[in-house]
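# Summary of the model geometry
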Amino acid sequence: MSRTALLAGAALSLAASGALAEDALLDLSYKTRFVGEDRHLRDDSVFGPGLPLTSFGRDRARLEGEARGKAGPISLLVTARQSAREGERAEGELVANEAYSNFGAGANRYTAGKKILSGDVGFGFRPIDVLQREQRLQALPPALEGIPHLAWEHYSADSAWTLVWANPTHERRDEPRDDGSFALRHYSRWDKTDLHGVARISSRYKLETGAATSTVAHESLELHSSFLVQRRDERRAPLAEPAATADLLAPDRALRTVTLDNPRKLLLGGTWTVESGWSLLAEAWYDGTAPTAEDWRTLAQQTERRRALIGTPGVPDAAVNGSIAASTRLFEAQNLTRRSALGRLAWTDPAAGGWSASLDWLHSLEDGGWAATAAMGWEADRLRLDAGLRRYGGKPDSAYRLLPERGLLFFGVSLAF
Amino acid sequence: MFRTLLAAAALLALPAWAADVKALLKEADSYRLIDQSSRVDTEVRVFKRGKLDKTRLYAVYVKPGRRSLVVFRSPSERGQKMLMLGDDFWLVMPASQRPLRITPMQKLLGDASTGDVASMTWAEDYDGRVEGEVLVDGVPCLKLDITGQRKGVSYPRIVLYLAKSDRRPVQAELYVASDKLAKEAAFKIGVVDGRRLVTEMTLVDRLQQDRRTEVHYLARSRKALSDEYYNPAFLVRADLDN
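Throughout what follows, the structure given in this document is the object of discussion. (Residues numbered from 1 in each chain as written. Chains lettered and ligands numbered in written order. Predicted model: local features only at pLDDT ≥ 70, side-chain atom pairs only at ≥ 80, totals over all residues. Heavy atoms only, no water.)

## A closer look at the side chain of Thr202(B)
All names here are of chain B. Within the secondary structure, Thr202 sits in strand 12 (residues 195-205). Its relative accessible area of 18% is what places Thr202 among the buried residues. At 3.3 Å, the side chain of Thr202 forms a polar contact with the side chain of Glu200. Once you skip the residues sitting within four places of it in the chain, Thr202 turns out to touch Glu184, Ala185, Ala186, Arg212, Thr213 and Glu214. (Helix = DSSP H or I, 4+ residues; strand = E, 2+ residues; numbered from the N terminus. Buried < 20%, exposed > 50% of the residue type's maximum accessible area, 1.4 Å probe, protein only. Polar contact = N/O pair within 3.5 Å; in protein donor to acceptor, adjacent residues only side chain to side chain. Contact = heavy atoms within 4.5 Å.)

Here is the structure:
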């Protein structure tokens with residue numbers, strides 16, 4: 001927080017200093033947003049004893065104030081956030097989601113600072129989003145936080161090359177998005193098709209290369225695809241079997257890290273939109289870095305073994321509960337299973353009345369689990385309201401059925417000014 | 001024999017009619033754009049049942065070759081951009097900062113006013129014929145029936161009324177793909193920097209009752225952005241955000 005707040009402060013003070021000859025004015029728009037989540041625990045969750053030590057099932061609320069715009073040549077997105085979780089103290093933070101400057105002229109352009117670097121063409125999964133690494137399919141997520149970087153960009157009318165030095169002072173950090181890396185991105189337009197290419201090198205994943213396409217095949221139909229191959233990856237997995245009881249009771253060893261050689265990610269999808277305001281998005285993807293169905297079965301079995309140790313003389317309950325809680329970090333994977341399909345039926349009021357609705361069905365092709373989301377929105381001049389419901393289910397050993405939550409209700413109110 | 005001669009005469013006359021219509025549309029366009037490469041700042045006010053429902057601000061950069069870049073300036077839409085290159089469209093939403101290729105249908109289902117403010121010329125996109133002369137609110141007008149020459153236009157057919165005296169746009173009937181009358185447009189002319197220009201376009205919705213949109217042209221300036229600004233990958237840059 002301190003580094004990003006400093007960046008924002010520096011940008012603002014730079015603007016206020018009057019040293020910016022051309023346009024030293026603050027030009028900001030503001031938005032305030034309240035988001036509430038009512039989360040429901042699964043009463044029969046196998047992870048039950050460890051859940052009080054996790055954030056599963058805790059209702060959440062956050063109040064955000066967002067300023068977006070420019071201070072002289074500095075582009076800013078700053079968020080002040082007060083968030084609370086059931087049973088925990090409320091926390092406040094100030095985040096400079098973006099604070100960067102674009103400069104240069106003609107074909108060669110430059111960017112310095114912290115900026116959102118999303119990429120790729122998909123909705124539910126974005127294999128070549130190797131810099132921002134955006135978590136997809138969240139309900140009313142907060143604004144993304146950018147990546148500090150330096151970039152050289154070269155543009156022609158139909159193509160672009162971008163060389164990015166991300167997190168310049170970092171080597172390997174806890175989260176992959178915070179790792180130092182170099183990336184080369186390419187874009188070119190070929191008739192009705194966009195082509196995207198990326199190559200990134202970092203100490204964690206070594207070389208990652210990928211490509212994506214988006215094509216307008218018909219006035220109502222868009223088709224897209226994306227593919228990534230990594231030199232290596234790391235993922236969490238349950239303990240290798242046979243697991244020793246001592247390991248099962250050690251929270252810091254509840255999961256192991258597995259190294260993968262040459263994992264691949266692939267997405268295929270399309271969107272069909274009709275004049276009445278309805279659209280249907282269909283996507284299917286493979287993520288070679290996600291947990292396998294066998295991983296979830298193993299985790300469920302190991303959790304049962306941990307639970308069986310409760311009350312055993314000489315085994316502290318705290319160790320059992322702590323291990324169970326730590327093992328739920330497997331649910332933090334970007335995709336819970338390797339092969340998934342998403343269908344999204346959405347409607348936007350063609351009469352511009354401000355109403356919209358969507359029904360999402362995410363299905364694991366690997367273990368039969370599913371996540372279903374129904375949402376509605378209404379937008380007026382400056383006000384936007386959102387509300388929705390999400391449910392998880394599936395076969396007993398499927399990842400979504402094992403998820404300690406049955407689902408959640410969410411709602412949001414935002415006001416722009 | 002007489003009919004053959006008539007048909008031949010009609011065929012010979014056709015290019016002249018077509019050329020006339022293009023010339024008329026170019027004259028009409030000169031009341032909307034001061035230069036083929038321009039920046040136009042626009043305020044759109046949408047009224048429902050006579051009450052102001054919402055206000056939207058846009059900066060539109062147009063360039064020959066059917067290129068338009070719309071920068072959304074309203075607080076609720078800040079950071080959003082739309083690029084139109086002929087029949088191809090891209091959208092950047094502030095939440096994810098990546099250019100998304102969208103279909104013509106997705107563009108039509110977006111805020112309708114985007115299409116109304118981004119399309120600043122008829123001559124490049126339409127062709128048709130002069131149907132005759134009529135009086136519109138007491139103004140002698142040429143009645144033109146013009147059709148879009150490409151798929152991506154917001155209105156595939158327009159019946160356009162141009163003042164006979166100076167070719168200024170007076171009124172237009174805008175039809176959607178099903179050939180239903182969608183909107184009626186009326187143009188207000190004012191003097192801006194010594195030049196007569198359209199200062200306001202009022203659109204009365206005929207598909208949804210009680211809906212009216214006012215498009216106010218706040219400022220126009222000559223601005224020729226270089227080609228890279230019309231590259232979809234360039235949309236994520238903030239060079240035009242002021």
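## Side note on the packing of aromatic side chains
Under the criterion given, the structure shown has 16 aromatic pairs over all chains. On the numbers, 5.9 Å between centres and 40° between planes, the contact of Phe125(A) with Trp285(A) is tilted. Of the two residues, Phe125(A) sits in the loop between strand 5 (108-115) and strand 6 (147-155) while Trp285(A) sits in strand 15 (residues 278-287), which places them 160 residues apart along the sequence. Each member of the pair, Phe125(A) as well as Trp285(A), carries the same accessibility label: buried. Consider the rings of Trp361(A) and Trp370(A), whose centres lie 5.0 Å apart with planes at 20°: the pair is stacked. Ring pairing ties together the aromatic residues Phe47(A), Phe56(A), Trp296(A) and Phe331(A), which thus form one cluster. It is Lys115(A) that lies over the ring of Tyr100(A); its NZ or CZ is 5.2 Å from the centre. The ring of Tyr175(B) carries Arg157(B) above its face, with NZ or CZ at 4.4 Å from the centroid. (Phe/Tyr/Trp six-rings, centres within 6.5 Å; stacked < 30°, edge-to-face > 60°. Lys NZ or Arg CZ within 6 Å of the ring centre and 35° of its normal.)

## Describing helix 3 (residues 293-308) of chain A
All names here are of chain A. Compared with the 22 Å implied by 1.5 Å per residue over 16 residues, the 23 Å span of helix 3 between its first and last C-alpha is a close match. For helix 3, the set of buried residues is Ala293, Asp295, Trp296, Thr298, Leu299, Ala300, Gln302, Thr303 and Arg306. Among the structural elements, strand 12 (232-238), helix 2 (245-248), strand 13 (255-261), helix 4 (317-327) and helix 5 (399-402) are those in contact with the buried residues of helix 3. (Expected span 1.5 Å × (residues − 1).)

## Observations regarding the nonpolar core
If you look at the biggest cluster of nonpolar residues, it comprises 45 residues, and the most contacted ones within it are Leu25(B), Trp122(B), Leu144(B), Ile146(B), Ile158(B) and Leu160(B). If one sorts the elements of this core by residue count, helix 1 (residues 2-29) of chain B sits on top with four residues. Apart from the residues lying within four places of it in its own chain, the contact partners of Leu144(B) are Val21(B), Leu24(B), Leu25(B), Arg129(B), Val130(B), Ile158(B), Val159(B), Leu160(B) and Leu162(B). Counting residues in hydrophobic clusters, the runner-up holds 34 residues, among them Phe125(A), Trp285(A), Trp296(A) and Leu342(A). (Core = buried A, V, L, I, M, F, W, Y, C linked by side-chain atoms within 4.5 Å.)

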